[in-house]
Every structure is written in structure tokens, then in C-alpha cells.
Amino acid sequence: TFIFLILFSCKSDKISEKSIELNNKAINSINAEKYSDALKYSDEAMKADEKNYNAYTIKAQMLIKENKLSEAEKTIQKQLKIKPDFAEGWTFKGLINDLNGNQKQANQDYQKSIKLFEKRNENGEFNAQLNDSNIYFSLILIGDSKSQNKMKELEKKWKNNKSAYETMIAVKNLGKKELIKQMLID
């Protein structure tokens, strides 16, 4: 679920049709649990148009699944050079640092993603519910008391929207470890 929140929250930024088509094949491969195909198509999408920052997310996700954290980190670094304001890239950078045991850096990366999602909300970009859901996920990954207070604020904000509220509570009940598994489509 998480990867689709990430991928569908992104704008095109004039990416070539061929690259978008290959990226869609990568997404379809993930849906079919054909992860090596997803990696192949994400590589092809990047070759077709190196500006396709969504393809970098898919590649990094597949590399993390293969426990190739160093290569995943390099992939996310390339993505963030192309699109430094890509909040989802910062979330994945944080995830990689988290998996490498660097919690302090991971939390800084998650905080950066939160700031970028909040900026989207301020600018009316994308969908506020989707932005807030992504903020909520990052707060769970940080897991400190300040984050828990912010999570309560978001829960209160979306209490009258049944699907948003129930999604937040369900993810909170999963906890950090299970959320990470979901992010990696285990």
C-alpha cells in the first residue's frame, strides 16, 4: 500500500512517455510480485529518461528487498539530486539509514520528508489526505513522544473522514517494524 501512496502522489515533471510506460510496467510487476521484473523495468525507465524520479524509488525498494542497502542508498542519492524536494525520496533515504542502524540520520531524513509534505499541504499540492498519511507514516518511523503527539493531531484532524482515520489507526497498530515490511511489500 505504501509504495502506491508514494507513486501516485507524484507529478509527471515532463517525463518521457516511454519512461512512464516502463515505470508502469515496474508497478504492474510489483503487483504481480515479480520483483526482479520490477527492478529491470525501473532500470529501463531510468535509462529512457533519467529524470523519472519515480523509477528510482522502485529500484531502491527492490534493492532494499534484496538487502543491497549500499546500492539502494546510491539510487536514492541520485533521485534526490534530480528532485531534491521529493518528499518520498527522503522517506526512503530515512528507511535505508534506519535499516543500516543509523537512527539519528534516519530521523533527520524522516523530518525532511515531513517538512516537504507539509509544504505540499501549504501550497495546496497533491491531496492533503495523502500528504498527511505520508507524514503520519514518517512519524511512526521516528517513534518519539513528539511524533506521537503530532500523530494524535493528525488523527483528530481526520477523525471525521472514516477511511483516512481508519488507515492511520491501522498503520499505527502495525507498528514500526510491520510498517517497514509494508513499505518493502513483503
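Just above sits the structure.
Now for a quick tour of the structure. (Residues numbered from 1 in each chain as written. Predicted model: local features only at pLDDT ≥ 70, side-chain atom pairs only at ≥ 80, totals over all residues. Heavy atoms only, no water.)

Below, the discussion takes up the packing of aromatic side chains. For the structure shown, the criterion picks out one aromatic pair. Geometrically, the ring pair formed by Tyr 53 and Phe 86 is edge-to-face, given 4.6 Å between the ring centres and 65° between the ring planes. One end of the pair, Tyr 53, is in helix H4 (residues 53-65); the other, Phe 86, is in the loop between helix H5 (69-82) and helix H6 (87-99), and 33 residues separate them in sequence. Just as Tyr 53 is buried, Phe 86 falls in that class too. Positioned above the aromatic ring of Tyr 53, the side-chain terminus of Lys 83 is 5.3 Å from the ring centre. (Phe/Tyr/Trp six-rings, centres within 6.5 Å; stacked < 30°, edge-to-face > 60°. Helix = DSSP H or I, 4+ residues; strand = E, 2+ residues; numbered from the N terminus. Buried < 20%, exposed > 50% of the residue type's maximum accessible area, 1.4 Å probe, protein only. Lys NZ or Arg CZ within 6 Å of the ring centre and 35° of its normal.)

We now examine the packing of helix H9 (residues 145-157) against helix H10 (residues 162-183). At a closest axis distance of 9 Å, the pairing of H9 and H10 adopts a crossing angle of 150°. Judged by the angle between their axes, H9 and H10 are roughly antiparallel. Between H9 and H10 the crossing geometry is left-handed. Side by side, H9 and H10 meet where Met 151, Leu 154 and Glu 155 of the first sit next to Tyr 165, Met 168, Ile 169 and Lys 172 of the second. Here the contact of H9 with H10 is built from residues that sort into five nonpolar, no polar and two charged. (Axes fitted to C-alpha atoms, helices over the stretch in contact; angles between N-to-C directions. Parallel < 35°, antiparallel > 145°, perpendicular 65-115°, else oblique. Left-handed = near helix turned anticlockwise from the far one by under 90°. Contact = heavy atoms within 4.5 Å. Nonpolar A, V, L, I, M, F, W, Y, C, P; charged D, E, K, R; others polar.)

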